[in-house]
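# Reading the structure
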Amino acid sequence: MSKGHCLCGSVSWEYSGPETWACFCHCDTCRRNCAAPVVAFIGVRLDHFKWTGQTPKYYASSKGVKRHFCDTCGTPMAFEAEHYAGEIHLYAASLENPQEFKPEFHVHYEHTLDWLHMADDLPKYPNSKT
Ligand SMILES: [Zn+2]
Ligand SMILES: [Zn+2]
């Protein structure tokens, strides 16, 4: 069982079972949404996931996409999209213990900021993975 929470603790979540993916996204949309140079994602199955505190609000950043956030402290909480039916993508930095995160690859690598240097040998997909 892995757990996570927002800055103020009002919104929290937990999931069990294997992650559907664990990656870094360098796309401009995720970057702006999180105001971070790169975003670390954990994908989990919706039927193994639940919100355990206050239900977050969401912003529909494009058609069929929900970007959940804490209505109290503003922390981005999750990405959910019709084109990833049955799963939800959480932010590794929200984990109770973010050290648990084991990234496997990068997506949208062609949009990486020139001043961001990440020393790893993980696969780097120029756009999305598939
Ligand atoms: Zn909060
Ligand atoms: Zn992205």
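Notes on the structure in this doc start here.

About the criteria used
- Residues numbered from 1 in each chain as written.
- Chains lettered and ligands numbered in written order.
- Predicted model: local features only at pLDDT ≥ 70, side-chain atom pairs only at ≥ 80, totals over all residues.
- Heavy atoms only, no water.
- Donors = N, O, S within 2.8 Å, 3.2 Å for Na, K, Ca; no water.
- Buried < 20%, exposed > 50% of the residue type's maximum accessible area, 1.4 Å probe, protein only.
- Tetrahedral: all angles 85-135°; square planar, octahedral: opposite > 155°, others 65-115°.
- Core = buried A, V, L, I, M, F, W, Y, C linked by side-chain atoms within 4.5 Å.
- Helix = DSSP H or I, 4+ residues; strand = E, 2+ residues; numbered from the N terminus.
- Contact = heavy atoms within 4.5 Å.
- Pairing = 2+ DSSP bridges.
- Axes fitted to C-alpha atoms, helices over the stretch in contact; angles between N-to-C directions.

### Quick notes on the coordination of the zinc ion (ligand 2)
- Protein coordination at the zinc ion (ligand 2): the donors are C25 (SG), C27 (SG) and C30 (SG), at 2.2 to 2.3 Å from the metal.
- For the zinc ion (ligand 2), the single-chain donor residues occur in sequence as C-x1-C-x2-C. A single burial state applies to C27 and to C30, both of which are buried.

### Focus on the coordination of the zinc ion (ligand 1)
- Protein-derived coordination of the zinc ion (ligand 1) comes from C6 (SG), C8 (SG), C70 (SG) and C73 (SG), at a distance range of 2.3 to 2.4 Å.
- Between the 4 donor atoms coordinating the zinc ion (ligand 1), the angles at the centre fall across 104 to 113 degrees, so the site counts as tetrahedral.
- Of note, the zinc ion (ligand 1) draws all its donor residues from one chain, in the sequence arrangement C-x1-C-x61-C-x2-C.
- The class for C6 is buried, based on a relative accessible area of 2%.
- Given a relative accessible area of 39%, C8 falls into the partly exposed group.

### Observations regarding the nonpolar core
- Among the nonpolar cores identified, the biggest contains 20 residues, and W13, Y15, I42, V44, F49, L90 and F101 are the most heavily contacted of them.
- Contributions of two or more residues to this core are made by β2 (12–15), β3 (21–25), β4 (39–45), β8 (76–81) and β9 (87–91).
- Those residues in contact with Y15, other than ones at most four positions away along the chain, are M1, S2, I42, V44, H48, F49 and L90.
- W21, C27, F79 and F105 belong to the second largest nonpolar core, which has 13 residues in total.

### Thoughts on the sheet that holds strand β1 (residues 2–5)
- Across the sheet, which stays open at both edges, the 3 strands sit in the order β1-β2-β5 with antiparallel pairing between neighbours. Looking at strand neighbours, the two that pair on one side only are β1 and β5 (49–51), the edges of this open sheet. Going from strand to strand, the sheet's axes swing by 15 degrees on average, the running direction of each strand aside.
- The sheet contact formed by β1 and β2 spans 4 bridges and is antiparallel. Each residue of the ladder has a partner; that of G4, found in β2, is W13.

### Examining unusual backbone geometry
- A positive phi is found at A35, a non-glycine position, where the angle reads about 50 degrees.
- Tracing the backbone through its elements, the reader meets A35 in the loop between α1 (28–34) and β4.
- A relative accessible area of 73% places A35 in the exposed class.
- A positive phi angle is found at H108, which is not glycine, with a value near 55 degrees.
- Its location among the elements puts H108 in the segment after β10 (105–107).

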